[in-house]
Amino acid sequence: MDDQSAEKRTASNDDERYEAFMRLLVEHEPRVRSFLRGLLPTWHDVEEVTQEASLIAWRKFDDFEDGTSFGGWLLTIARFEALKHRRRVARSPLVFADDVWDLLAEDACGEGGQQIRRRHLEPCLAKLKPGQRDLLLHVHSPGVVMREVALLSGKSEQAFYKVIQRLRAVVLACVTKAIAAENAK
Amino acid sequence: MNHSDLEQRIGAWLDGRISEAESETLQQELRESAEARATFESYAQLDAVIREVADTESVGAISRGSGSSVSIPKRATPPYARALLAIAAGIIIALTAVLYFQPMKAGRNIVRIKGLNGTLTWIGDGGQIVQGSSSPQMRTRWSNVLSEEAELPGGTIEGTAPDSWFELEFHDGSTATIFGDSILTFSDQGQKELRLKQGRFSASVVPQPAGEPMLIHTPAAHLKVVGTQFDVEAAPESTMLYVREGKVQIRRMSDGKTVDVSTGHRVVAAAGSEMLPQLVAPDRTWAQTPVWENTSNSGNQNLIATQETRDYDGTRNLLLSEEPASLPVQDTGYTIRSGDKFEIRYVWMGDNWWTAKDQIAIKLFTTDNDLISGTRTTFATMLSGTSITAGTYEAASGSATATATEARKRLFVAIDTQDGGGELEGVARLDNFQLQVTHFPEPGLPRLDDFQLQGIPFPDPPPPPAAEIIIGGNIRNGDFNED
C-alpha cells in the first residue's frame, strides 16, 4: 500500500468516525440541554456549556468504549463542564448552593425520572390557543428578554409572568400525561 | 409546601427574575423534598424543549422581518438539522411573501382581543352590532365574536359599564386598552388610525413604519404616535395626554396648536388652556417610600409604590394592586390600649381592571413578637365598599375598637384589597390616608364616677377622650398624603 492510499484510508476512517459521533451527538444533545437547564442560571450558559461539552466529547471520542452508553458518557462530561462554568459565574440568586446543585445533578443524571422530548411537547402546544402558543414560544425565543415583552404586553409584569407560568403548568400537565400514556403502552 | 408557590418560584428562577429571598426558599424546598426536585427538573426540561422548538421557529421569523437570508443561531446546529431548517425557512418565506403581496381585503381581521371585562358593544365595519359580556351568565350568540383571542376587523368598541375594559392587539404587537364608559374606533389600512370619542385608553405602540405613525383623534385633539406608551383621556371639550415612554405629538383642534410631549410629561388640550407639557414626578418604589413597607410574599421593595399620575389633589397617590406581589404595611409604633377606638379615612379610586365588586380593605393587626415580620393576628378589617362612580375618587371611612386581647401590643396597619370580581389584576389608587385613635377607659376598670361614689378624692380628673392622629397629614404619611 503506498502512502497516498494509506492517507485516503485514514481520511475515510476519520469521516466515518465524525459521522458516527455526529449521529450520537444529535441523538443525545437535547437530553444534555435539558439536564443542564436545571443546573445553570440562563439559557446562554446552557448553550455555552453544551458547546464546550460537545467539543470535549469529540476530542475524547477515541476513549469512548463502543457498546457503553454514549448518553451517560456525554452527561458526565456535561456535568463536569457545568461545574467548571458555575465557578466562573458571579454569585447571584440564580446560582444555587453547592449542596443543592449536587442534589439536582444527581437526580437529573438518574434514569428514574421522566424525559420530556420534542415529540411530547408539540401536540401539547397545538392544544393551546394560537395566541397562547405563539406567546409561549416567543418568550422562549433566542434573544428575547421576557421583561421587555412583559412591558410591551400592557399588563403589569407580575400579571404577565403569571400568564406565562399558567401556560407552562398547562403544557407540563399535558406532557406528563402523554409520557405516562407512552410508558403504559 | 404549597405546590403553586413552588411552581411560581421555579418559573421566576427559569426567567432569571428570582429574588434573593425567593431563591433561599426555593433552595430549601429543593434540599428537603425529592418531590420538589422532580417538579423543578420537569420544568427545567420543559423550558429546554420549548426553547428548542422556539429556536427552530424563530429562524423563519428572523428572515420574515428583514427579507434577508436565514440567520443561523449561534449554537452548532447539526448539518442535517440545518438542511431541515433551511427548507422550513424557505417555506415560511414563500408563504410570507404570498400573504404580504396579497391585496388587502376589506373586512380582514386587524386586531386580536387580548382581554375583556364587563359589558361591551362592538360595531363592525359592516355596521354589524355585537353586544357581548365577559360574564358567563350573560353570554349571547355573539359571545364567540367578543371573546378572548377572537380576531376582529376594524370597527368601534364601546364599554357600556363602569368596570368594562377591553384590550386589543394589532398584528404588529401594538396594544390599546379602553376602560369604563369609553368609545374607540380603530382601523388599520397600512396606517393605524384610532378615534377616541369619549373615555380613557392606554396604549403601547411598537415603532411604526417610517411616514406612517399611528393617528389618534379625539374631539379636542389629534395625536401622532411613532412608537411609545401613553394614556389618553378624552372629554367633549378637552383631552389629557400622559406619555409614559417615548414621544407623542398632539394638535389642539380649536386652534391647531401643536406640541411634542415626551417621556414623563402630561398635557391637557382644551380651548383657552396654555397647553404646556408638565413634568410628572417620577414613580417611587417602596424602597423610596418612608414608613411603609411592601410585605407581600415577593418582598420586592422595587415595585411602584406611589405615582403622581391620576392624582386626587395634585400630589402623589398610593398605587394599590390586587396582585399578591404588593401589600403595603406600616409599623405605627403605637402600643394599643384596651378600649382604643381607631378611626380611618381616605379617598380612593378604582383604576385599570378594577371590577365593580372589588374593595379596599384596611386591616389592623398585631404580631406575636411586635415585629412587622411576626405572625399576624388581624383584629379589624374595614372595607371601603364598592365603587359608586368608576374612575373618580371617593371617600371611605371606618372604625374599630381594640379589646384586652390586643392591649399592650404594637399596632400595624395594612392597606390591602378584597377581590370581588374573580380576577386578581385590579389596580386602585388611594390618597390622604388618616388613622387616629381615641382612648376610652378600659371596660371594667374604675372610672372617675366610681372614685366619686366611693368618696375618694380625685383632684386631677383626666381630660375627656381626645383623638390622636397616628397617620395623616405630615405624620407618618409615607410621602403620599401631601407630597
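Provided above is the structure to which this section pertains.
Residues numbered from 1 in each chain as written. Chains lettered and ligands numbered in written order. Predicted model: local features only at pLDDT ≥ 70, side-chain atom pairs only at ≥ 80, totals over all residues.

Colleague: Is there a simple way to explain the overall build of chain B in this structure?
Modeller: Scanning chain B for helices and strands turns up five helices and 28 strands. Evaluated residue by residue, chain B yields a buried proportion of 37% over its 483 residues. Of the contacts made within chain B by residues no fewer than 6 positions apart, 60% connect residues no fewer than 24 positions apart. (Helix = DSSP H or I, 4+ residues; strand = E, 2+ residues; numbered from the N terminus. Buried ≥ 20, exposed ≤ 12 C-beta atoms within 10 Å, placed from the backbone. Contact = placed C-beta atoms within 7 Å.)

Colleague: Is there a simple way to explain the overall build of chain A in this structure?
Modeller: Each helix and strand counted, chain A has eight helices and zero strands in total. Beginning at the N terminus, the succession of helices and strands in chain A can be written as α-α-α-α-α-α-α-α. The contacts in chain A between residues at least 6 apart in sequence include a share of 68% that link residues at least 24 apart.

Colleague: Teacher, can you tell me more about the sheet that holds strand 26 (residues 410–418) of chain B here?
Modeller: Residue and element names in this part refer to chain B. Pairing in this open sheet of five strands is antiparallel, and the strands run 18-21-26-23-24 from one edge to the other. The open sheet has two edge strands, strand 18 (292–294) and strand 24 (376–383), and neither has a second partner. Averaged over all pairs of adjacent strands, the angle between strand axes in this sheet comes to 30°, irrespective of strand direction. By the bridge criterion, seven bridges tie strand 23 (residues 359–367) to strand 26 in an arrangement that is antiparallel. Residue F365 lies in a different strand from strand 26, and its bridge partner there is F412. (Pairing = 2+ DSSP bridges. Axes fitted to C-alpha atoms, helices over the stretch in contact; angles between N-to-C directions.)

Colleague: Would you mind showing me how to read the interface of chain A and chain B here?
Modeller: By a frequent convention, interface size equals the accessible area lost on bringing the separate parts together. Taken together, the contacts link 52 residues of chain A with 52 residues of chain B. Mapped by element, the contributors of at least two residues to the side of chain A that touches chain B are helix 1 (3–37), helix 2 (43–59), helix 4 (98–109), helix 5 (118–127), helix 6 (130–139), helix 7 (146–153) and helix 8 (157–184) of chain A. Counting residues per element, the side of chain A that touches chain B draws most heavily on helix 8 of chain A, which supplies ten residues. Classifying every residue of the side of chain A that touches chain B gives 28 nonpolar, 14 polar and ten charged. (Nonpolar A, V, L, I, M, F, W, Y, C, P; charged D, E, K, R; others polar.)

Colleague: When you look at the pairing of strand 7 (residues 175–188) of chain B in this model, what are you seeing that I'm missing?
Modeller: Remark: a regular strand shows side chains that alternate across the two faces of the sheet. All names here are of chain B. Of all 14 residues making up strand 7, ten are buried, and the element is well covered by its neighbours. As paired elements, strand 5 (residues 155–159) and strand 7 share four bridges and run antiparallel to each other. Bridging across to strand 7, T156 finds its partner in T185. As judged from the eleven bridges shared by strand 7 and strand 8 (residues 192–204), these two strands associate in the antiparallel manner. Its bridge partner being in strand 8, I178 is matched across the sheet by F201. Remark: three residues form the turn of the hairpin made by strand 7 and strand 8, two consecutive strands paired antiparallel; G190 in that turn has positive phi of roughly 95°.

Colleague: Got a minute to help me understand helix 2 (residues 20–32) of chain B in this structure?
Modeller: Each α-helix turn comprises 3.6 residues. Residues three or four places apart therefore point the same way. Residues and elements named next belong to chain B. Look at helix 2: 19 Å from first C-alpha to last across 13 residues, which is about the 18 Å you get at 1.5 Å a residue. Within helix 2, burial applies to E22, S23, L26, Q27, E29 and L30. The arc that holds every buried residue of helix 2, seen down its axis, measures 160°, which confines them to one face. Helix 2 presents E20 and E32 as exposed residues on the side facing more than 90 degrees away from its buried surface. (Expected span 1.5 Å × (residues − 1). Arc of directions from axis to C-beta.)

Colleague: What is the right way to look at the nonpolar core in this model?
Modeller: One recurring pattern in soluble globular proteins is that nonpolar side chains are buried together. If you look at the biggest cluster of nonpolar residues, it comprises 75 residues, and the most contacted ones within it are F201(B), L241(B), V248(B), I250(B), L320(B), A428(B) and L430(B). For this core, the element with the most residues is strand 27 (residues 427–438) of chain B, which contributes six residues. Two domains each provide a minimum of three residues to this core, namely domain 2 (111–279) and domain 3 (284–471) of chain B. Sequence-distant contacts of V248(B), that is, excluding residues within four places in its chain, are made with L223(B), V225(B), T228(B), F230(B), L241(B), V243(B) and V261(B). Counting residues in each nonpolar core, the second largest holds 47 residues, with F35(A), A82(A), C124(A) and L26(B) among its members. (Core = buried A, V, L, I, M, F, W, Y, C linked by C-beta atoms within 7 Å. Domains from an automatic or database assignment.)

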